[in-house]
Amino acid sequence: MLFSAIALSVLACVATVEAAPTNEKRQQAQVIYGCTQPNTVALTFDDGPYWYIYDISNALTSRGAKGTFFFSGNNYQRIYDQGAIDQIKYAYNAGHQVASHTWGHKDLTSLTWDQIHDEMWRVELALQRIVGVQPAFMRPPYGNYDDEVLYASYIRGQKVVIWDFDSGDSVGASAAESKERYRTTSLNRPSTLLALNHETIESTAHDVIPYAIDRLQSAGYRLVTVAECLGEQPYQWTGAPQTPTSDWRC
Ligand SMILES: [Zn+2]
């Protein structure tokens, strides 16, 4: 049912979704605030695809670590720009997890039911096209969600990922301050960490993340994807990437 709705929407370039249910007992997507597998850290990166993904991916890979990228569709770059396509493929092929940050970085709690689905399906479709996966996880912009967002996510087979550690890079923290947060947390040594960072900030890519990886690994953590830190699968299904066509615009 959902799959056919998505297929139809591809043709029309407009989301066609089930009507919002009126019954009170709606199902809700699980909301994840932290990892469950002991001794793991999931470093997550929002707001890409962006140029710094290469340096972040390489910093992770060279240290035997994995990360998770929550991509927007139309934020710092358009997801169908060739540069963005290349960036997504690079991170995915390096073994990092890719997931949805929804299309236009809107506060989903301010949108209608149809608009919420529209923001969601466009990025899912893009990831199906570009790397051949249907993500099992999404992060709502600003971490904002309500019952409608959770029900829409549930219908789409996705869990909602928040965080339990914020590097502060998107809210004015300097690189030194972000590094201090990682240093202090490494010393406090919680069992797990689900860390928010932003792919679009140069000092995050070039300074904070290399430092954070080294500190966290020195503290004995395994740096893994969100799916791995939960012991779950990253994607609802996987298939072959598609060849770009003129339809790749929305
Ligand atoms: Zn964001």
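Residues numbered from 1 in each chain as written. Predicted model: local features only at pLDDT ≥ 70, side-chain atom pairs only at ≥ 80, totals over all residues. Heavy atoms only, no water.

(A) Representation of the overall build of the protein within the structure. The helix and strand tally for the protein stands at eight helices and 11 strands. Taken against the 2.2 N^0.38 rule, which gives 18 Å for 250 residues, the C-alpha radius of gyration of the protein at 18 Å falls within 12% of a compact globule. Dimensions of the protein along its principal axes, counting C-alpha atoms only, are 50 × 40 × 30 Å. The burial tally for the protein puts 52% of its 250 residues in the buried class. (Helix = DSSP H or I, 4+ residues; strand = E, 2+ residues; numbered from the N terminus. Rg over C-alpha atoms; globule rule 2.2 N^0.38 Å. Buried < 20%, exposed > 50% of the residue type's maximum accessible area, 1.4 Å probe, protein only.)

(B) Representation of the coordination of the zinc ion. Taken together, Asp47 (OD), His101 (NE2) and His105 (NE2) make up the protein donors of the zinc ion, found 2.0 to 2.1 Å from the metal. Donor residues for the zinc ion sit on one chain with the sequence pattern D-x53-H-x3-H. Neither residue differs from the other here; His101 and His105 are each classed as buried. (Donors = N, O, S within 2.8 Å, 3.2 Å for Na, K, Ca; no water.)

(C) The arrangement of the UniProt feature "domain: NodB homology" (unreviewed entry) in the protein in detail. Under the present numbering, the feature "domain: NodB homology" (unreviewed entry) in UniProt falls on residues 39-224. Secondary structure across residues 39-224 divides into 44% helix and 18% strand, with the first and last C-alpha atoms of the span separated by 10 Å. (UniProt positions renumbered as here; feature names shortened; annotations may be inferred.)

(D) Examining the pattern of salt bridges more closely. The final tally for this structure, using the stated rule, is 10 salt bridges. A salt bridge links Glu232 to Lys159; the nearest nitrogen and oxygen atoms lie 3.0 Å apart. Residue Glu232 is located in the loop between helix 8 (226-230) and strand 11 (235-238), and its partner Lys159 is located in strand 7 (residues 159-161); the two are separated by 73 residues in the primary sequence. A relative accessible area of 24% means that Lys159 is categorised as partly exposed. (Salt bridge = Lys/Arg side-chain N within 4 Å of Asp/Glu carboxyl O.)

(E) Expanded view of the side chain of Gln87. Along the chain, the position of Gln87 falls in helix 3 (residues 82-93). Here Gln87 is in contact with Pro49, Tyr50, Trp51, Ile53, Tyr54 and Gln77, once residues within four sequence places are set aside. (Contact = heavy atoms within 4.5 Å.)

(F) Representation of the nonpolar core. Formed by 41 residues in total, the largest nonpolar core has its most connected members in Leu43, Ile130, Tyr182 and Leu216. Of all the elements in the fold, those that place two or more residues in this core are strand 2 (40-46), helix 2 (53-62), strand 3 (67-71), helix 3, helix 4 (113-131), helix 6 (175-188), strand 9 (193-198) and helix 7 (202-218). Ranked by the residues each element gives to this core, the list is headed by helix 4, at seven residues. Once residues lying within four places of it in the same chain are set aside, the contact partners of Leu216 are Val41, Leu43, Tyr182, Ser186, Leu193, Tyr221 and Leu223. (Core = buried A, V, L, I, M, F, W, Y, C linked by side-chain atoms within 4.5 Å.)

(G) Structural detail: helix 7. Taking 1.5 Å per residue, 17 residues should reach 24 Å; helix 7 reaches 24 Å between its end C-alpha atoms and fits that length. By the largest-angle criterion, Val208 marks the main kink of helix 7, which is about 45°, and a proline, Pro210, follows within four residues. Buried within helix 7 we find Thr204, Ala205, Val208, Ile209, Pro210, Ala212, Ile213 and Leu216. Gly220 lies just past helix 7 and shows a positive phi near 95°. (Expected span 1.5 Å × (residues − 1). Bend = angle between axes of the 7 residues up to and from the residue.)

(H) Quick look at the state of the cysteines. In total, this model carries one disulfide according to the counting rule given. Residue Cys35 pairs covalently with Cys229 via a disulfide, S to S 2.3 Å. Its S-S torsion of approximately -80° makes the covalent link between Cys35 and Cys229 left-handed. On the criterion of sequence distance, the pair formed by Cys35 in the loop between strand 1 (31-32) and strand 2 and Cys229 in helix 8 is long-range, its members being 194 residues apart. Across the pair, exposure class does not vary: Cys35 and Cys229 are buried alike. (Disulfide = S-S within 2.5 Å.)

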